[in-house]
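# Structural overview
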Amino acid sequence: SSKIRIAIAGYGNLGRGVESALACTPDMELVAVFTRRDPAGLVLQSGGVPVHAMARIEDFVDAVDVLILCGGSKTDLPEQGPALAALFNTVDSFDTHAKVPEYFAAVDAAARGGKRVAVISVGWDPGLFSINRLYGEAVLPDGASYTFWGKGLSQGHSDALRRVPGVQGAVQYTIPSQAAIERVRSGSRPSLTTREKHTRECHVVLEAGADPSAVEQAILTMPDYFADYDTKVNFISAEALRRDHAAMPHGGFVIRSGTTGVASSQIMEFGLKLDSNPEFTSSVLVAYARAAFRLGQQGEVGARTVFDIAPGLLSPKSAAELRKELL
Ligand SMILES: NC(=O)C1=CN([C@@H]2O[C@H](COP(=O)(O)OP(=O)(O)OC[C@H]3O[C@@H](n4cnc5c(N)ncnc54)[C@H](OP(=O)(O)O)[C@@H]3O)[C@@H](O)[C@H]2O)C=CC1
Ligand SMILES: N[C@@H](C[C@H]1CC(C(=O)O)=NO1)C(=O)O
């Protein structure tokens, strides 16, 4: 078929979100799901799509145009990203901000070796928020940028909690400081530390026999995720996790507060209000999978970030249609 053939690597919240996003894309189709678990045990939302063991993925390099990596950034993508970028055009949502340069280098080397394209750190932050921070700095050089998230469920931080030894299940809510937001909105351009902008609230289900204080310490001191924040850890039952924390709302905004001319105040803002963080993030991944396919068709190779991708490549419309409809 002339549709772009998409496969999913890793079937969790993002994997399910990509599956449902592909049901709405006229020019792309889901051709396979790959999992490290037992494929026979995985029940997909949409019937008729084959599930294969991740260990067999090399057999499918000619059957897939773009592989969307839906693993966790804490421990899955650092290994899966480079390994799979050597075999497929890939898109991923890698979001350990401090480690993006080293992850980019590892994926770039692998993609160039395999003559593939790899678009990394796609989503909303990193992703659409990153693009809006860039626009703000480029358009309003005399200014200050701020990013606020939530209150909502961070999938990256929830994934990081689940990787702590002794944790059976977990979610993490990010809570913005209303005082910090008011100071930013006043236009006073405050300098705010990481700790002054957000706090983090973790709800953790322990494995039988796990030591709560050891788990709490591992969380509070976790670099890149929790060490720089005032963080609260609550221990709850598996039942409470299922009952009270199944929804994954999130959102936030990027604001650029700048000055032009003698003293003209200019405010630029981009915001999100999300019922489902994973379904939104997956929708961004799917749009960038279209771009990755087109870049591959043009003979491009290597890693890219959202900064390198022309917006027109994301749209199913042709350049001529875009000029007619959107300019
Ligand atoms: N850039 C951005 O804006 C955003 C980025 N993200 C990133 O997305 C990443 C993935 O998030 P999310 O999909 O919520 O993570 P999940 O924990 O749902 O899934 C991660 C992996 O764990 C495995 N898995 C899933 N469910 C189970 C289960 N019940 N038992 C055992 N293994 C399971 C799957 O691999 P397998 O099938 O191989 O077992 C899956 O790929 C986050 O770590 C975050 O970094 C998320 C949101 C926004
Ligand atoms: N990457 C985030 C997306 C946003 C949310 C967030 C946070 O709450 O710390 N940071 O970036 C996620 O995994 O949900």
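Described in the following lines is the structure provided in the data block. (Residues numbered from 1 in each chain as written. Chains lettered and ligands numbered in written order. Predicted model: local features only at pLDDT ≥ 70, side-chain atom pairs only at ≥ 80, totals over all residues. Heavy atoms only, no water.)

Moving on, we get to the nonpolar core. Counting residues in hydrophobic clusters, the biggest one holds 36 residues, and the most contacted among them are Val33, Val91 and Tyr288. Looking at this core, the elements that each hand over two or more residues are strand 1 (4-9), helix 1 (13-22), strand 2 (28-35), strand 4 (66-69), strand 6 (117-119), helix 4 (128-139) and helix 10 (277-297). If one sorts the elements of this core by residue count, helix 10 sits on top with nine residues. Apart from residues lying up to four places away in sequence, Val33 is in contact with Ile8, Tyr11, Leu42, Leu44, Val49, Pro50, Val51 and His52. If you look at the next biggest cluster of nonpolar residues, it comprises 24 residues, including Phe34, Leu77, Tyr103 and Ile120. (Core = buried A, V, L, I, M, F, W, Y, C linked by side-chain atoms within 4.5 Å. Buried < 20%, exposed > 50% of the residue type's maximum accessible area, 1.4 Å probe, protein only. Helix = DSSP H or I, 4+ residues; strand = E, 2+ residues; numbered from the N terminus. Contact = heavy atoms within 4.5 Å.)

In this section: the pairing of strand 4. Side-chain alternation along strand 4 places Val66 and Ile68 on one buried face and Leu67 and Leu69 on a second face that is also buried. Where strand 1 lies against strand 4, four bridges are found, and the strand directions are parallel. Paired with Ile6 across the two strands is Val66, which belongs to strand 4. The pairing of strand 4 with strand 5 (residues 90-92) spans three bridges and is classified as parallel. Following the sheet pairing, Ile68 is matched in strand 5 by Val91. Tracing the backbone out of strand 4, into helix 2 (residues 77-85) and back to the parallel element strand 5 gives a crossover that is right-handed. (Pairing = 2+ DSSP bridges. Right-handed = clockwise from strand over helix to strand, strands pointing away.)

If you check the shell around ligand 2, you find Asp95, Trp124, Asp125, Trp149, Ser154, Gln155, Gly156, His157, Thr174, Arg200, His250 and Asn277 and nothing else. Within the side chain of Thr174, an N or O atom sits 2.5 Å from an oxygen atom of ligand 2. Taken by itself ligand 2 offers 350 Å² of open surface, and the protein chains cover 93% of this. (Near = heavy atom within 4 Å. Polar contact = N/O pair within 3.5 Å; in protein donor to acceptor, adjacent residues only side chain to side chain. Areas by Shrake-Rupley, 256 points an atom, 1.4 Å probe, with all protein chains shown as cover.)

On to the site of ligand 1, then. Asn13, Thr35, Arg36, Ser73 and Asp95 are the nearest of the 27 residues found near ligand 1. Here Asp159 contributes a side-chain N or O atom positioned 3.3 Å from an oxygen atom of ligand 1. Surface burial for ligand 1 is 83%, taken as the share of its 910 Å² of free accessible area covered by protein chains. When residues in the shell around ligand 1 are grouped by element, the largest group, four residues, is from helix 5 (residues 155-162). A class-by-class count of the residues in the shell around ligand 1 yields six nonpolar, 13 polar and eight charged. (Nonpolar A, V, L, I, M, F, W, Y, C, P; charged D, E, K, R; others polar.)

Attention now moves to the sheet that holds strand 9 (residues 167-176). Judged by pairing direction, the sheet is mixed, and its four strands sit side by side in the order 8-9-10-11 without closing on themselves. Only two strands of the sheet have a single partner each, and these edge strands are strand 8 (152-153) and strand 11 (230-235). As paired elements, strand 10 (residues 198-206) and strand 11 share six bridges and run parallel to each other. Residue pairing in the sheet places His203 in a bridge with Asn234 of strand 11.

The subject of this paragraph is the environment of Ala170. Structurally, Ala170 can be placed in strand 9. When sequence neighbours within four positions are dropped, the list of residues in contact with Ala170 reads Ser158, Leu161, Arg162, His203, Val204 and Leu241.

Here helix 3 (residues 100-114) spans 21 Å end to end across 15 residues, near enough to the 21 Å set by a 1.5 Å rise per residue. Taken together, the buried positions of helix 3 are occupied by Val100, Tyr103, Val107, Asp108, Ala110 and Ala111. Lining the buried residues of helix 3 we find helix 2, strand 5, strand 6 and strand 14 (302-304). Positive backbone phi, approximately 55°, marks Lys115, located one or two places after helix 3. (Expected span 1.5 Å × (residues − 1).)

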